[in-house]
Amino acid sequence: MEINNSLTLIAPGIIVALTAVLVLAVDLLVTKKAVLAWVAAAGLVAAAAVAVGQGLALARDAALANGGGQVGYAGMVALDRYAVYCIVLFAVIGVLTVMLADSYMARRGAARGEFYGLLLFVIAGMIGLVMSTDVVSFFVSFELMSLPTYILAGYLRRQSRSGEAALKYFVVGAFSSAILAFGLALLYGATGQTNYAAIAASLAGLAPTESHGLLVVALILIVVGFGFKVSAVPFHSWAPDVYEGAPTPVTAFMSVGIKAAAFAGFAKFFVTAVDTEWGTWGNALIVLSILTMIVGNVLALPQRNLKRMLAYSSIAHAGYLTLGLIAAGRSEADVGLSAILFYLVAYALMNLGAFGVLIWVRDRRSAFSYTLDEMSGLSKRMPWTSLAMALFMVSLTGIPPAIGFWGKFYLFAGVVQGRYTWLAIVAVIMSAVSAFYYLRVVWYMFFREAPESAAEVSAVGDLPPAGRGSDQVVADAAAQSVMVAEDADAPARQTGVGAVLALTAAGTLLLGLVPQPLLDLAQWAVGLILTV
């Protein structure tokens, strides 16, 4: 393992953070705000390009390839193939989110400079999370990722539901951060170390009865903090309301970006720092996984609002991804980790595409509340959009030849290899249950007649939550109308959203037909994490 304390080690994160500052500066100087999206996307592409260059350097250098990559800054961060893979994934998710958000924010008269700046700071935190090899840098990156997200959830401040989503997310997030910090502090108390490798060495030399109770409490608290961040049951109650109330591009980003960073970061921590204590955190994750798969899928069944349905779907997929962590502890670690990395790409394509369809439809109809009834007959008015949505729903179900099938296959196979076949059976049954609410969307689009008028199924804006009166609906609708009226730079065409739909649909289908290159890349990425 090579020591490298230069800025080149953390260059991708620095580029993203500097781009955030640049976006805020450019916002003050230009009147055409569309250029801000180009600046943000260019910074993310540059960060991904630097990461790819670093990955190629790791592959070419035999010493680095066999020694675990480069570490620096007192062993607090490491550059390895795992980090390179995740950085590129985060950059791609960021670019797609910018493309989804540009026209959405412009049509609502929202300030785009601050939006892109906050988004880039979140991605910088995500990058730090997967590069961390110390609990101090891990927690700092975790908070850098979390804090701007609370603001993004309530970014449309004139809409009361957006503010409500931000408040709920902030309160729950504050509790989860406190619980995680307490768990990490107790872990330090039990081992006397903060570096991942040093923690692993300390645990290996720890007597069976020495600090065992403290260690168990620490690991349980860390699992609870992880569960809050990925909306695992029973720590999921915030997700449906936040996903429904937040701006749709933010919801899309939270469902894939934050989840991807949390799983990648915590997987690295569990495998490299506390792998020997799998009996504690692994069994806790088994309970979380079962509850999350069952509750997420069952509660998604009656949902009529598509954003809430996708929220519960996201909860269920957190349960599937947790299977990869379980497999990493019980079978060969690279099997579980590579399955997680593969599925994160698959889920990003499927979910960003599905939310992209909702944004596409929303900005083409005067009144669209994201309800299932409003999708009726969509295939006759928007045939290509309906086909794309059908592909995403089929892939989320796990039906071949879409990439979602292979993602679930590799996760379930890893659990079977770890001799938890019964857990894989539960996952397969829950995937079958999910077919009802995913394919129901397809049924409505292709086999139900469209309503005679939008007024028959929805009012302007999102449907109010239970208990909210008609006065509040009118107020929210009026606020939305004001924002649209104030917009002076709304693009006539949703070029960015259309490009996202095309790219995600193509990726979902092509990688479903030819999954091996992505699987090989995921397996290559986990080769060095095991030696950090």
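Residues numbered from 1 in each chain as written. Predicted model: local features only at pLDDT ≥ 70, side-chain atom pairs only at ≥ 80, totals over all residues. Heavy atoms only, no water.

Student: I'm lost on the overall build of the chain in this one. Help?
Tutor: Of regular secondary structure, the chain possesses 21 helices and three strands. Partitioning the intrachain contacts of the chain with sequence separation of at least 6 by distance along the chain shows that 82% fall at a separation of at least 24. Total accessible area on the chain stands at roughly 18800 Å², and carbon and sulfur atoms take up 69% of it. (Helix = DSSP H or I, 4+ residues; strand = E, 2+ residues; numbered from the N terminus. Contact = heavy atoms within 4.5 Å. Areas by Shrake-Rupley, 256 points an atom, 1.4 Å probe, with all protein chains shown as cover.)

Student: Which parts of the structure should I look at to understand unusual backbone geometry?
Tutor: A cis geometry characterises the amide bond from V233 onward to P234, with omega recorded as 10°. Secondary-structure assignment places P234 in the loop between α9 (212-229) and α10 (238-245). Here the amide bond leading from P400 into P401 is cis, since omega sits at 10°, within 30 degrees of zero. For P401, the position within the fold is in the loop between α16 (383-397) and α17 (403-417). Even without glycine at this site, Y73 takes up a positive phi of about 55°. Checked against the element boundaries, Y73 lands in the loop between β2 (70-72) and β3 (77-79). Residue S231 is not a glycine yet carries a positive backbone phi of 55°.

Student: Could you clarify how one ought to interpret the layout of surface pockets in this entry?
Tutor: Unoccupied space between atoms shows up once a probe the size of one water molecule is rolled over them. Taken as a whole, the largest pocket encloses approximately 410 Å³ of empty space. Contributing to the lining of the largest pocket are 21 residues, with Y85, V88, L89, V92 and L521 lying nearest its centre. The greatest single-element share of the lining of the largest pocket, amounting to seven residues, is contributed by helix α4 (residues 81-107). Taken together, the residues of the lining of the largest pocket break down into 19 nonpolar, two polar and no charged. (1 Å grid on protein atoms, 1.4 Å probe; cavity = no way out; pocket = protein on both sides within 12 Å on 5 of 7 lines; lining within 4 Å. Points joined across faces, edges and corners; volume = space filled by probe spheres on them. Nonpolar A, V, L, I, M, F, W, Y, C, P; charged D, E, K, R; others polar.)

Student: I would appreciate a short explanation of empty space enclosed by the protein in the present structure.
Tutor: All told, the structure shown has two cavities of 30 Å³ or more when counted by the stated rule. Y169, K229, V230, S231, W238, Y243, M254, I258 and K259 together form the lining of the second largest cavity. Elements with a contribution of two residues or more to the lining of the second largest cavity: α10 and α11 (248-273). By residue number, the principal contributor to the lining of the second largest cavity is α11, which donates three residues. Residues of the lining of the second largest cavity, tallied by class, amount to six nonpolar, one polar and two charged.

Student: What is the right way to read the packing of helix α1 (residues 11-29) against helix α5 (residues 112-131) from this model?
Tutor: Angle between the axes and distance between the axes are the two parameters that describe a pair of packed helices. Across the interface, α1 lies against α5 with an axial gap of 8 Å and an inter-helix angle of 170°. The angle between α1 and α5 falls in the class roughly antiparallel. Touching P12, G13, V16, A17, T19, A20, V21, V23, L24 and D27 of α1 are G113, E114, Y116, G117, L120, F121, I123, A124 and I127, all from α5. (Axes fitted to C-alpha atoms, helices over the stretch in contact; angles between N-to-C directions. Parallel < 35°, antiparallel > 145°, perpendicular 65-115°, else oblique.)

Student: Even after reading the chapter, I still don't get the packing of helix α12 (residues 278-300) against helix α18 (residues 421-447), so can you show me in this structure?
Tutor: Remark: α12 packs on α18, axes separated minimally by 9 Å, with the N-to-C direction vectors making an angle of 20°. Accordingly, the angle class assigned to the pair α12 and α18 is roughly parallel. Considering the relative orientation of α12 and α18, their crossing is left-handed. Here I286, I290, M293, I294, N297 and A300 of α12 come into contact with α18, specifically with W422, L423, V426, A427, M430, V433, S434, Y437 and R440. For the contact of α12 with α18, the residue count by class is twelve nonpolar, two polar and one charged. (Left-handed = near helix turned anticlockwise from the far one by under 90°.)

Student: Sorry, what's going on with the environment of V122 here?
Tutor: Relative to the assigned elements, V122 resides in helix α5. Residues V122 and L147, spaced 25 residues apart in sequence, show a C-alpha to C-alpha distance of 7.9 Å. With sequence-adjacent residues up to four places away left out, V122 is seen in contact with L144, M145, P148, T149, L152, F253 and I258.

Student: Explanation requested: the packing of aromatic side chains in the structure shown.
Tutor: In this description, a pair of aromatic rings is defined by centroid distance and the angle of the planes. Taken as a whole, this structure holds 32 aromatic pairs when the rule is applied. Centre to centre, the rings of W278 and Y420 are 6.2 Å apart; their planes meet at 50°, and the pair counts as tilted. Of this pair, W278 sits in helix α12 while Y420 sits in the loop between α17 and α18, and the two are 142 residues apart along the sequence. We classify W278 as buried; its relative accessible area is 7%. Seen in terms of ring centroids, W406 and F409 are 5.9 Å apart; in terms of plane orientation they differ by 80°. Their pairing is edge-to-face. Here W406 pairs with F409, and both are found in helix α17, just three residues apart, close to one helical turn. For W406, a relative accessible area of 24% corresponds to the partly exposed category. Judged by relative accessible area, which is 41%, F409 ranks as partly exposed. In this structure, R108 packs its charged tip against the face of Y104, placed 3.7 Å from the ring centre. Of note, K307 hangs over the ring of Y370, and the distance from its end group to the ring centre comes to 5.1 Å. (Phe/Tyr/Trp six-rings, centres within 6.5 Å; stacked < 30°, edge-to-face > 60°. Buried < 20%, exposed > 50% of the residue type's maximum accessible area, 1.4 Å probe, protein only. Lys NZ or Arg CZ within 6 Å of the ring centre and 35° of its normal.)

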